[in-house]
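Fold and geometry: a report
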Amino acid sequence: MPQTAVPAHWRKYKERYLLLGMLCETCGKITFPLGSVCPNCRRAGKVKPVRLSGKGKVYSYTVIRAAPEGFEVFTPYVIAIIELDDGVKLTSQVIDCEPEEVHIGMPVQVCFRKIREEGKEGVICYGFKFRPADNSWKP
Amino acid sequence: MKFSERKRDVAIVGVGSTRFGEHWDKSLKDLIAEAGFKAATEAGIRGKDVELIVGGNMSGGMFVGQEHIAALVADTMGLQPTPSIRVEAACASGSLALEMGFLAVASGMYDVVLVGGVEKMTDVYTSGATTALAGAMDLEWEAYFGLTFPGIFALIAQRYMYEYGLTREQLALVAVKNHDHGFYNPLAQFRKKITVEDVLDSTLVADPLRLLDCSPITDGAATMVLVPAEKAHQYTDTPIIISGIAQASDTLSLFNRKSLCTVNATIEAGKQAFSQAKISHKDVDLVEVHDCFTIAEILALEDLGFCKKGEAAKLYEEGEVWVGGSLPVNTDGGLKSAGHPIGATGIKQVIEIVHQLRGESPEPVQVKGAEIGVAHNLGGSGATVVVTVLKRGD
C-alpha cells in the first residue's frame with residue numbers, strides 16, 4: 001500500500017475498529033464492507049452500518065512470506081478469508097498461533113491490533129485481526 | 001452495438017513484441033517504440049496511415065513514475081497528432097486495449113488502429129512492484145491488511161485443494177508444461193525446462209504457492225495492427241480475424257465472490273465470445289489462458305468449459321494440454337515462462353495465437369493445422385476478464 005494522508009485512515013476508523021458491515025433494510029442482507037450502495041438493491045436499497053459478528057471460521061488461508069512495503073517485520077504472517085457467523089466473508093490476518101496451526105474450518109474471533117506503520121512519520125494503522133476462538137469475545 | 005450487428009469484421013495484419021525479461025538497458029519508451037515499429041513494419045504501414053492508438057498499461061505511475069501514457073505512446077513513435085487512448089484493467093489492460101481497438105474498427109469509425117500493451121516493471125525494487133500490483137485488489141479491505149497477489153491466488157489454491165483434492169504435484173504440472181513450451185519461445189523470459197521436483201523445492205512465497213508457481217516481474221511491450229477484414233489483403237496474405245471478443249467484470253475483492261474456485265467473469269466472457277464466434281469447445285485448436293499463478297490456469301480451463309469443475313488436473317496428468325495433446329494450452333510458455341509485463345500480456349497472448357494460426361511458430365510447439373484459437377486474459381483476482389476468439393482469415 002502506498003503511504004496515504006490522514007483522512008484516508010480517519011474515515012475508516014469506525015469500520016476497522018468496530019468491525020462494521022452494512023445492513024440493507026430493503027432486502028435485509030448484511031454485506032461487507034460498509035458502503036453507500038447495497039450490492040443487491042443498488043439505488044433502491046436503504047443501507048445503514050451494522051456491527052458484524054466477531055466470531056467465525058477460517059474459509060481459506062495462506063502464509064505470506066514475501067511481504068509488501070510496511071509488513072516486512074510481521075513476515076511470515078497468516079492471511080485468511082474468514083466467514084463470520086452472520087454469513088459475511090472478509091480478509092484479515094490470523095494471529096496468536098503458529099501458522100502451521102491454522103486450517104480451513106478453524107474457529108476464530110476478532111481482536112484489535114496494529115496493522116502496520118507507514119514509515120517513521122506516517123500514520124500508525126490499526127484495525128481488526130482474528131485469533132483462535134476461546135469464547136472470550138462478546139458482542 | 002451488438003456483436004452480430006457490427007459494421008464489419010476486424011483483422012490483425014501485423015504483430016510485434018519485444019523480448020520479455022529484465023531490460024535494464026531499455027526504458028518504457030524504448031519498449032513501446034520497439035514493439036510498435038515491429039508491428040507496423042510487419043503490416044507494411046507508415047506513420048501517417050495510423051488513425052488511432054489504443055494502449056494498455058497498468059501502472060506507469062507506480063512502476064516508473066510516468067503517467068499520461070496515451071500521449072507518451074504517440075509521442076514516442078512520432079505519431080502526433082494521431083488520437084491515442086490508454087486503458088487500464090490491471091493484468092487485463094492489454095486485451096481491453098484490443099477490445100477498444102476492435103470496437104473502433106468494427107464500428108466503421110477507423111480503418112487502421114494500432115493496439116498494444118506495455119509495462120516497465122524492473123525500475124522499482126520487488127517490494128515496490130508488489131505494492132504497485134496490490135493496487136489491482138481492493139486497497140481498503142485486502143491490501144490494507146497485508147494481502148499480496150501471490151497471497152490472493154494462494155487463498156484460491158488452498159480452498160481449491162480442500163474442495164477438489166488437487167495435489168501439490170498436480171499443481172506443479174502447470175508450471176512444468178508452460179516451461180516445456182516456453183523453452184522454444186525466442187522472446188520468453190525463462191527458456192529453461194523444469195521438473196515437478198524443481199517446483200516443489202522452490203521457495204515458499206504464499207503457502208501453498210512456491211516461487212515456480214508464480215509468473216515473474218517482467219519488462220516488455222507487444223503491439224498489433226487492426227484493419228477492416230475486407231481490406232486485410234492489402235496488408236498481408238495471412239490475416240487473422242477477431243471472430244469473438246467479450247469482457248466481463250466481477251467484484252474487485254476476492255472475499256465477496258460466491259466461490260473462490262470459480263471466476264464468474266471467465267464464465268460470462270467465455271460464453272459470450274464463443275457464442276459471437278459461433279464455435280463450440282471441440283472447434284478450438286489451442287488456448288492461451290492467464291496463468292499468473294499455476295492455480296489460475298486450472299480455474300481458467302474449467303471456467304471456460306474445457307472440462308468440469310475440479311477435473312482440470314486430469315488434463316495435465318494425461319498430457320492433453322501439451323502441444324500434441326487434444327488441447328494445447330499456453331504454447332508460448334504462458335505468463336509463467338514467457339513472462340508477465342502486466343499491460344502487455346493480453347496482447348502477447350493474442351500474438352501467440354496469430355503466430356500459431358499463421359503456422360509460423362517454432363516447429364516443436366507448432367499446433368499442426370491450427371485454425372481457431374482462444375485467448376483468456378484476467379485482471380486482478382478475476383474482476384476483469386476478456387476472452388478473444390481468433391480464426392484464420394485466408
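What counts and how
Residues numbered from 1 in each chain as written. Chains lettered and ligands numbered in written order. Predicted model: local features only at pLDDT ≥ 70, side-chain atom pairs only at ≥ 80, totals over all residues. Helix = DSSP H or I, 4+ residues; strand = E, 2+ residues; numbered from the N terminus. Rg over C-alpha atoms; globule rule 2.2 N^0.38 Å. Buried ≥ 20, exposed ≤ 12 C-beta atoms within 10 Å, placed from the backbone. Contact = placed C-beta atoms within 7 Å. Domains from an automatic or database assignment. Core = buried A, V, L, I, M, F, W, Y, C linked by C-beta atoms within 7 Å. Axes fitted to C-alpha atoms, helices over the stretch in contact; angles between N-to-C directions. Parallel < 35°, antiparallel > 145°, perpendicular 65-115°, else oblique. Nonpolar A, V, L, I, M, F, W, Y, C, P; charged D, E, K, R; others polar. Pairing = 2+ DSSP bridges.

1. Quick word on the overall build of chain A
For chain A, the count of helices and strands is two helices and eight strands. The N-to-C order of helical and strand elements in chain A reads α-α-β-β-β-β-β-β-β-β. Against the compact-globule benchmark of 14 Å for 139 residues, chain A has a radius of gyration of 16 Å, which places it among compact chains. Across its three principal directions, the C-alpha atoms of chain A cover 45 × 35 × 25 Å. Buried positions account for 35% of the 139 residues belonging to chain A. By sequence separation, contacts in chain A at least 24 residues apart represent 51% of the contacts at least 6 residues apart.

2. Description of the domain arrangement of chain B
All names here are of chain B. The domain boundaries assigned to chain B delineate domain 1 (3–125 + 218–240) and domain 2 (126–215 + 243–392). A straight line from the C-alpha centre of domain 1 to that of domain 2 covers 22 Å. Contacts between domain 1 and domain 2 engage 42 residues on the former and 42 residues on the latter. Counting residues per element, the ones that place at least two in the side of domain 1 that touches domain 2 are strand 1 (10–17), helix 2 (60–63), helix 4 (93–106), strand 4 (113–119) and strand 7 (220–228). A total of eight residues in the side of domain 1 that touches domain 2 trace back to one element, the largest contributor, which is helix 4.

3. What to know about the environment of B:L28
All names here are of chain B. As for its placement among the helices and strands, L28 is situated in helix 1 (residues 28–43). The class of L28 is buried, set by 24 C-beta atoms lying within 10 Å. In this structure the C-alpha to C-alpha distance between L28 and Q66, which are 38 residues apart in sequence, comes to 9.0 Å. If sequence neighbours within four positions are ignored, L28 has contacts with G60, V64, Q66, V118 and K120.

4. Examining the nonpolar core
Counting 170 residues, the largest nonpolar core has B:F153, B:M224, B:V225, B:L226 and B:I295 as the members making the most contacts within it. Apart from the residues lying within four places of it in its own chain, the contact partners of B:F153 are B:L209, B:C292, B:F293, B:I295 and B:A296. Counting five residues, the second largest nonpolar core, distinct from the first, contains A:M22, A:C24, A:C38 and A:V47.

5. Describing the packing of helix 4 of chain B against helix 13 (residues 345–358) of chain B
The packing of two helices is summarised by the inter-axis angle and the distance between the axes. Residue and element names in this part refer to chain B. With their axes 5 Å apart at the nearest point, helix 4 and helix 13 run at an angle of 70 degrees to one another. The angle between the axes of helix 4 and helix 13 places the two elements in the roughly perpendicular class. Contacts from S93, G94, S95, L96, A97 and L98 of helix 4 reach helix 13 at T345, G346, I347 and V350. Classifying every residue of the contact of helix 4 with helix 13 by side-chain character gives five nonpolar, five polar and no charged.

6. What to know about the pairing of strand 5 (residues 77–84) of chain A
A regular strand carries its side chains on alternate faces of the sheet. Residue and element names in this part refer to chain A. With seven of its eight residues buried, strand 5 lies for the most part within the structure. Direction of pairing for strand 4 (residues 55–64) relative to strand 5: antiparallel, over a ladder of eight bridges. Paired with S60 across the two strands is I81, which belongs to strand 5. Across six bridges, the pairing between strand 5 and strand 6 (residues 89–94) is antiparallel. Across the sheet, V78 pairs through a bridge with V94, a residue of strand 6. Linkage of strand 5 to strand 6, two consecutive antiparallel strands, is achieved through a turn of four residues, within which G87 is found at a positive phi near 95 degrees.

7. Considerations on the interface of chain B and chain A
Across the boundary between the two partners, chain B contributes 28 residues, which contact 26 residues of chain A. Where the side of chain B that touches chain A is concerned, the elements lending two or more residues are helix 5 (126–134), helix 6 (149–164) and strand 5 (204–206) of chain B. It is helix 6 of chain B that provides the largest number of residues to the side of chain B that touches chain A, a total of seven residues. A per-class count over the side of chain B that touches chain A returns 16 nonpolar, eight polar and four charged.

8. Here's the deal with the sheet that holds strand 3 (residues 47–51) of chain A
Ordered in space as 2-1-3 (chain A), the three strands form an open sheet in which the pairing is antiparallel. Either end of the sheet is taken by a strand with one partner, and the two such strands are strand 2 (30–31) and strand 3 of chain A.

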